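Geometric and topological summary
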Amino acid sequence: MKTIIEPFRIKVVEPIRLTTADQREQFIREAHFNLFAIRAESVLIDLLTDSGTSAMSSEQWAGIMRGDESYAGAESFFRLQDRVREVTGFEHFLPTHQGRASERILFDVVCGPGKVVPNNNHFDTTRANVEHTGAEAVDLVIDEGHDLQSQHPFKGNLDIDKLSDLIERVGVERIPFCMVTITNNSGGGQPVSMGNLREVRDVCHRHGLPFFLDACRFAENAYFIKKREPGMGDRSIQSIVHETFELADGATISAKKDGLVNIGGLLLLRDEKLLEQARNSLILTEGFPTYGGLAGRDLEALAQGLDEVLDEQYLAYRIRSTEYLGERLVSAGIPILEPPGGHAIYLDAKRFCPHIPQEQFPGQALAVGLYRVAGIRAVEIGSVMFGGEGRTVDAELVRLAIPRRVYTQSHIDYVIEAIVELHQRRDGLRGLRIVEEPPMLRHFTAKFEEI
Ligand SMILES: *Cc1c(COP(=O)(O)O)cnc(C)c1O
């Protein structure tokens, strides 16, 4: 059989609402052309993010009922602990309410003014949390990672020479640790190879530096390693995941991705002293260490999710459905970031609508066009998100993030048709100007008008 089917059947359904073009015109104007300001019920297919948007399984919902809500020492915590140990090999972990809480706790303890933190690409909350402590966040992804067309199989790899240069330039005492993000979200959901992870670990340990993972999509990364890295094809996903974590001294994880839950995070640590400090910080703002900002039921759902995400049939479906969207767009002549990443497809807005100058936000214009034509919500990742004060950035992208286990192939076919249709009418897309914006993270609340 050639077709890779959704490896589940649907037990509960949630209606989605078809709107008319006139209604959508009204909604987008009321939202001042900012898709974050549109109510979710007015969106037909929501590709804003893959974070916290997964559909849970019947076993996860059963876990929700089983959740032990005791303040301290809940059974649900111990079930999660067993699962975390089994999946990652880490003896110690702290549950947190989501990824950025893990980041805040870890970075508060080890970063600070004058420090420098290398990563392949910092995710935006990771960068913000590093910088919040006064430290500097440095991105060291390989050059191919910046090239939208490069077909490198592991475009998320960290450049070892750039890392060595950084260590030499700023001095090892200013670097609290080195981090690698798997898969590389800010770099298009591109994977990092096991070979690269081993090399980074070696360089770190040669200099006495701890090596941390930002491991939100650890299972998707492991699947890419199995499929693409020579010598890894016969390994089980579990063993690749295990080796990945074995290389690291710690990890921050947003469970809203490969944890297959709607809320949750993890902080994994080996160093007992660091763990002690992190635990104290956790108690201050998140909660007691056996629940860490979550309800007992959330811990149950996560324990189950960490098991289901390692299922190779699930991962084959997951990665293939993203790739399917990418392949079909490429064969229709639509410019995208290649090759397709694990969790999202990125439209290249500069090439999609070359008539719109960067100062007029081609990515935002494209995202608005996609909502108008088909009620699909995507997000601009370009000069609206990362520019400011007249500054534009290199890549003007529109991200179509795929929620896990939520949409079927016919939904994705509809998305493809909509984008092809919009591409045929691309000359009608109009640039935008910002009429109101907050001092930071402007993409969430900025107001636009059409030019
Ligand atoms: C989502 C994400 C985070 C932050 O996690 P939240 O759960 O949204 O706080 C950090 N790093 C990466 C790579 C992510 O994708």
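Note on numbering: residues in each chain are counted from 1, in written sequence order. At least 70 in pLDDT is required for a residue's local features to be given in this predicted model, at least 80 for side-chain atom pairs to be given and counted, and no such filter applies to totals for whole chains, interfaces and linings, which use all residues. Only hydrogens and water are set aside; all other atoms, that is, all heavy atoms of the structure, feed into the side-chain values.

A side-chain nitrogen of Lys or Arg and a carboxyl oxygen of Asp or Glu constitute a salt bridge if their distance falls within 4 Å. Under the counting rule described, the total for this entry stands at 34 salt bridges. Taking the shortest distance from any N to any O, the salt bridge between Glu276 and Arg279 comes out at 3.8 Å. With Glu276 and Arg279 both in helix 10 (residues 272-285) and 3 residues apart, the pair spans about one turn of that helix. Only protein chains enter the accessibility calculation, which uses a 1.4 Å probe. A residue is then buried if its area is under 20% of the maximum for its type, exposed if over 50%, and partly exposed in between. The exposure class of Arg279 is partly exposed, given its relative accessible area of 27%. The shortest N-O distance in the salt bridge between Glu449 and Arg433 comes to 2.7 Å. With Glu449 in strand 14 (residues 447-450) and Arg433 in strand 13 (residues 432-436), this residue pair connects regions lying 16 residues apart in the sequence. If you follow the salt bridges from partner to partner, you end up with Asp50, Arg217, Glu220, Asp258, Arg318 and Arg404 in one network. Each helix corresponds to a stretch of at least 4 residues labelled H or I by DSSP, and each strand to a stretch of at least 2 residues labelled E; elements are numbered beginning at the N terminus.

Our next topic: empty space enclosed by the protein. Throughout, the protein atoms alone are placed on a 1 Å grid, and a set of points is a cavity if a 1.4 Å probe fits but cannot get out or a pocket if it is open with protein on both sides within 12 Å along at least five of seven lines; lining residues have an atom within 4 Å of a point. Grid points are joined across faces, edges and corners, and a volume is the space filled by probe spheres set on the points. Scanning the entire structure with this criterion turns up 2 cavities of 30 Å³ or more. In this structure, the largest cavity spans a volume of roughly 60 Å³. Around the largest cavity, the lining residues are Asn34, Leu35, Phe36, Gln364, Ala378, Val379, Glu380 and His443. Under the convention adopted here, Pro, Cys and the residues Ala, Val, Leu, Ile, Met, Phe, Trp and Tyr are nonpolar, Asp, Glu, Lys and Arg are charged, and Gly plus all remaining residues are polar. Here the residues of the lining of the largest cavity sort into 4 nonpolar, 3 polar and 1 charged. Forming the boundary of the second largest cavity are Val84, Val87, Thr88, Phe218, Ile253, Leu266 and Leu306.

Our next topic: the domain arrangement of the protein. According to the domain assignment, the protein consists of domain 1 (21-50 + 312-450) and domain 2 (58-308). Here the limits of each domain have been adopted from an automatic or database domain assignment. Computed from C-alpha atoms alone, the centre-to-centre distance between domain 1 and domain 2 is 27 Å. Contacts: residue pairs with any heavy atoms within 4.5 Å of one another. Counting residues at the interface gives 24 residues for domain 1 and 26 residues for domain 2. Both faces considered, domain 1 and domain 2 share a buried interface measuring about 2,200 Å² in area, 53% of it formed by carbon and sulfur atoms. Taking the shortest distance from any N to any O, the salt bridge between Arg404 and Glu220 comes out at 3.0 Å. Any N or O atom pair separated by 3.5 Å or less is treated as a polar contact, with the protein-specific requirement of one donor-capable and one acceptor-capable atom, and with residues adjacent in sequence counted only for side-chain atom pairs. Our count for the domain 1 to domain 2 interface comes out at 13 residue pairs in polar contact (both at pLDDT 80 or more). If you list the elements that add at least two residues to the side of domain 1 that touches domain 2, you get helix 12 (312-331), strand 9 (344-348) and strand 12 (397-401). Classifying every residue of the side of domain 1 that touches domain 2 by side-chain character gives 12 nonpolar, 3 polar and 9 charged. A simple way to read buried area is as the amount of 1.4 Å-probe accessible surface that goes missing from two parts once joined, with both sides added.

With that settled, the discussion passes to the site of the ligand. Near, as used in this document, describes a residue that has one of its heavy atoms within 4 Å of the molecule or strand being considered. Looking at the ligand, there are 15 residues lining it, with Arg100, Asp214, Arg217, Ser254 and Lys257 nearest. Taking Arg100, its side chain carries an N or O atom lying 2.7 Å from an oxygen atom of the ligand. Between the ligand and Asp214 there is a distance of 2.8 Å, counted from a nitrogen atom to a side-chain nitrogen or oxygen. Elements supplying a minimum of two residues to the shell around the ligand: helix 4 (99-110) and helix 5 (124-132). Ranked by the residues each element gives to the shell around the ligand, the list is headed by helix 4, at 3 residues. Along the lines of polarity and charge, the residues of the shell around the ligand split into 2 nonpolar, 7 polar and 6 charged.

In this section: the packing of helix 2 (residues 58-66) against helix 11 (residues 296-308). Comment: axis = line fitted to C-alpha atoms, over the contacting stretch for helices; angle = value between 0 and 180 degrees taken between N-to-C directions. Where helix 2 meets helix 11, the closest approach of the two axes is 7 Å, and the angle between their N-to-C directions is 155°. Here helix 2 lies roughly antiparallel to helix 11, going by the angle between them. Read as a crossing pair, helix 2 and helix 11 show a hand that is right-handed. Here Glu59, Gln60, Gly63, Ile64 and Arg66 of helix 2 lie close against helix 11, whose contacting residues are Arg297, Glu300, Ala301, Gln304, Gly305 and Glu308. A per-class count over the contact of helix 2 with helix 11 returns 2 nonpolar, 4 polar and 5 charged. Angle categories are assigned with fixed cut-offs, so that under 35 degrees is roughly parallel, over 145 is roughly antiparallel, 65 to 115 is roughly perpendicular, and the rest are oblique. We call a crossing left-handed when the near helix sits turned anticlockwise from the far one by less than a right angle, and right-handed when that turn is clockwise.

Along helix 6 (residues 160-170), the residues that are buried comprise Ile160, Leu163, Leu166, Ile167 and Val170. Buried residues in helix 6, looked at end-on, bunch into an arc of 120°, giving them a common side. More than 90 degrees from the buried face of helix 6, the exposed residues found are Asp161, Glu168 and Arg169. Where the residues of helix 6 are buried, they touch strand 3 (116-119), strand 4 (136-139), strand 5 (178-181) and helix 7 (194-206). Working note: the arc is built from the helix axis to C-beta atom directions.

Our next topic: the side chain of Ser57. Mapped onto the secondary structure, Ser57 falls in the loop between strand 1 (45-46) and helix 2. Judged by relative accessible area, Ser57 falls into the buried class, the value being 14%. At 2.6 Å, the side chain of Ser57 and the side chain of Glu308 are in polar contact.

Another point: the packing of helix 6 against helix 7. When two helices pack together, their arrangement is given by the angle between the helix axes and the distance between those axes. Following both chains from N to C, one finds helix 6 and helix 7 inclined at 15°, their axes separated by 10 Å at the closest point. Comparing their axes, helix 7 and helix 6 come out roughly parallel. As helix 6 packs across helix 7, the resulting crossing turns out to be right-handed. From helix 6, Ile160, Leu163, Ser164 and Ile167 reach across to helix 7, where they touch Asn196, Glu199, Val200 and Val203.

Another point: the sheet that holds strand 2 (residues 92-96). Spatial ordering of the open sheet is given by 2-8-7-6-5, a layout of 5 strands whose pairing is mixed. Two strands in the sheet have a free side with no partner beyond their single neighbour: strand 2 and strand 5. This sheet shows a mean twist of 15° between the axes of neighbouring strands, independent of strand direction. For two strands to pair, DSSP has to find at least two bridges joining them. Where strand 6 (residues 211-214) meets strand 7 (residues 250-254), 3 bridges bridge the pair, whose relative direction is parallel. Residue pairing for strand 7: Leu213 is matched across the bridge by Ala251. Taken strand by strand, helix 10 contacts strand 2, strand 6 and strand 8 (265-269), and its axis lies near 20° from that of strand 2.

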